[in-house]
Amino acid sequence: MSAKPSMFSWKVHLFVLILVCVSELIGVHELGLGIGTITLFPMLYALIIGSIMSIPKLKILKKKEMQISANILGISFMLFIAKLGTMMGPQLMELFKSGIPLLLQEAGHILGTIILGLPIALLIGMKRETIGATFSIDREPNLAIISEKYRSDSPEGRGALGVYVCGTLFGALYLSLLTSVIAKLDIFHPLSLAMGAGVGSGSMMAAVTGTLVTIYPEQADTIAVFSGGANLITTLLGTYICVFISLPLTEFLYNKLNPILGRKHRNEIKNIKT
């Protein structure tokens, strides 16, 4: 029988308390870039400071303490989902009225990551990593799917993990700026943008929601409910779509397009011509 994962370390809890206090004291800041605004949230500061603290050479945290932090993360996420549920309850009827659009947003995810992302990945020279990198936005459930089918140390696993790391570091900043630009164009309804925030990532959803709330403060509660509902549906429904549709479709398109767009094939054609 395997031992129960440890959940206590005075150092971890102390550092978490310090990180939360420091990040909240810094507060929310906006950086105007002309074309849009990047909103910096306390969560981003905590992520950056925590990343620096976990550098092995600094010897601030040991590997065991990092494992404890990973175990605590699961409990923290459950609390976040519980809070989200209390906000969704009073707005259930509004969510049911928008049920079909919420479900159809998955088509947009397939269009963005597979139809657009896969050819670009092949053109820049990626091989089997393309499959893991483009079949989804590669958050935790998607990493589990790739690890189960291909193993985490496979080319597909490396592609998925690479996108996961990039999304963690830059996703919130990028989506915050993109949301600001699109919202100020005044083309889409605020609730449509809120539903678009539900990409299956808590940090990215928070970045988009925070930006929308800043622009539309009078609809703050409704925006939070719709973005949270869309994110929850994406997490639940998206897992099945990735298993039965996205991943098979990505592998099929890779096998068809790699001989045409792949770098090796292009080099062979070039050598023949010369």
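Residues numbered from 1 in each chain as written. Predicted model: local features only at pLDDT ≥ 70, side-chain atom pairs only at ≥ 80, totals over all residues. Heavy atoms only, no water.

Chemist: Sorry, what's going on with the overall build of the protein chain here?
Modeler: Across its full length, the protein chain holds 12 helices and two strands. In sequence order, the protein chain lays out its α and β elements as α-β-β-α-α-α-α-α-α-α-α-α-α-α. A buried classification covers 37% of the 274 residues belonging to the protein chain. For the protein chain, the computed accessible surface area is about 16300 Å², with 71% contributed by carbon and sulfur atoms. (Helix = DSSP H or I, 4+ residues; strand = E, 2+ residues; numbered from the N terminus. Buried < 20%, exposed > 50% of the residue type's maximum accessible area, 1.4 Å probe, protein only. Areas by Shrake-Rupley, 256 points an atom, 1.4 Å probe, with all protein chains shown as cover.)

Chemist: Just to check I follow, could you spell out unusual backbone geometry for this structure?
Modeler: For aspartate 186, which is not glycine, the phi dihedral falls at a positive 60 degrees. With relative accessibility at 62%, the residue aspartate 186 sits in the exposed group.

Chemist: Help me understand the nonpolar core, please; the structure alone is not making it clear to me.
Modeler: Side chains that are nonpolar tend, in soluble globular proteins, to be buried together. Counting 17 residues, the largest nonpolar core has Ile146 and Leu247 as the members making the most contacts within it. Ranked by residue count, the leading element in this core is helix α11 (residues 220–261), at six residues. Residues in contact with isoleucine 146, not counting those within four places in the same chain, are Gly132, Phe135, Arg151, Glu156, Gly157, Ala160 and Leu247. In this structure, Leu175, Ala197, Met204 and Val208 belong to the second largest nonpolar core, which totals 16 residues. (Core = buried A, V, L, I, M, F, W, Y, C linked by side-chain atoms within 4.5 Å. Contact = heavy atoms within 4.5 Å.)

Chemist: Any chance you could explain the pattern of salt bridges here in plain terms?
Modeler: A full pass over the atoms with the stated rule returns four salt bridges. A salt bridge links lysine 149 to glutamate 251, with the nearest nitrogen and oxygen atoms 3.7 Å apart. In this pair, lysine 149 is assigned in helix α7 (residues 140–150) and glutamate 251 in helix α11, connecting sequence segments 102 residues apart. Shared partners join several salt bridges into a network, and the residues in it are Arg128, Lys149, Glu156 and Glu251. (Salt bridge = Lys/Arg side-chain N within 4 Å of Asp/Glu carboxyl O.)

Chemist: Just checking my understanding: could you explain the side chain of asparagine 142 for this structure?
Modeler: By the element assignment, asparagine 142 lies in helix α7. Apart from residues lying up to four places away in sequence, asparagine 142 is in contact with Phe135, Ser136 and Cys242.

Chemist: For this particular structure, what's the right way to read the packing of helix α1 (residues 10–26) against helix α2 (residues 42–53)?
Modeler: Axis separation between α1 and α2 bottoms out at 8 Å; the angle between their running directions is 135 degrees. Classed by the angle they form, the pair α1 and α2 counts as oblique. Note that α1 runs across α2; the crossing there is right-handed. Contacts between α1 and α2 involve Phe15, Leu19, Val22, Ser23, Glu24 and Ile26 from the former and Pro42, Tyr45, Ala46, Ile49, Gly50 and Met53 from the latter. Grouping the constituent residues of the contact of α1 with α2 by class yields nine nonpolar, two polar and one charged. (Axes fitted to C-alpha atoms, helices over the stretch in contact; angles between N-to-C directions. Parallel < 35°, antiparallel > 145°, perpendicular 65-115°, else oblique. Left-handed = near helix turned anticlockwise from the far one by under 90°. Nonpolar A, V, L, I, M, F, W, Y, C, P; charged D, E, K, R; others polar.)

Chemist: Would you take a moment to explain α1 for this structure?
Modeler: Each full turn of the α-helix corresponds to 3.6 residues, which orients residues three or four apart in the same direction. End to end, α1 covers 24 Å across 17 residues, agreeing with the expected 24 Å (1.5 Å per residue, within 8%). Taken together, the buried positions of α1 are Lys11, Val12, Leu19 and Ser23. For α1, the buried positions fall inside an angular range of 90 degrees around the axis, keeping them on one side. Summarising the geometry of α1, the exposed residues directed more than 90 degrees from the buried face are Trp10, Leu17, Glu24 and Leu25. Phi turns positive, to about 80 degrees, at glycine 27, one or two residues after α1. (Expected span 1.5 Å × (residues − 1). Arc of directions from axis to C-beta.)

Chemist: What am I meant to see in a nonpolar patch on the surface here?
Modeler: Where nonpolar side chains cluster on the molecular surface, the patch consists of Phe8, Trp10, Leu14, Leu17, Ile18, Val22 and Ile26 and spans about 710 Å² of accessible area. As for its placement among the helices and strands, tryptophan 10 is situated in helix α1. (Patch = residues over 30% accessible without salt bridge, like charges linked within 9 Å, V, L, I, M, F, W, Y side chains within 5 Å.)

Chemist: How should I be thinking about helix α8 (residues 155–185) in this particular structure?
Modeler: Along its length, α8 reaches its greatest deviation from straightness, about 55 degrees, at phenylalanine 170. Looking one or two residues beyond α8, the residue adopting positive phi is aspartate 186, at roughly 60 degrees. (Bend = angle between axes of the 7 residues up to and from the residue.)

Chemist: Would you mind showing me how to read the environment of cysteine 21 here?
Modeler: For cysteine 21, the location among the structural elements is in helix α1. For cysteine 21, a relative accessible area of 39% translates into the label partly exposed. A sequence separation of 25 residues divides cysteine 21 from alanine 46, and the C-alpha atoms of the two residues are 9.6 Å apart.

Chemist: Looking at this model, I keep getting lost on the packing of helix α10 (residues 202–215) against α11. Mind explaining?
Modeler: When two helices pack together, their arrangement is captured by the angle between the axes and the distance separating the axes. Contact geometry for α10 and α11: axes closest at 10 Å, N-to-C directions at 160 degrees. By the angle class used here, α10 and α11 are roughly antiparallel. You can see that α10 and α11 cross each other, and the crossing is right-handed. When α10 is examined against α11, the residues Gly202, Met205, Thr209, Leu212 and Val213 are found in contact with a partner set consisting of Ala220, Ile223, Ala224, Ser227, Gly228 and Asn231. Class assignment of the residues belonging to the contact of α10 with α11 gives a composition of six nonpolar, five polar and no charged.

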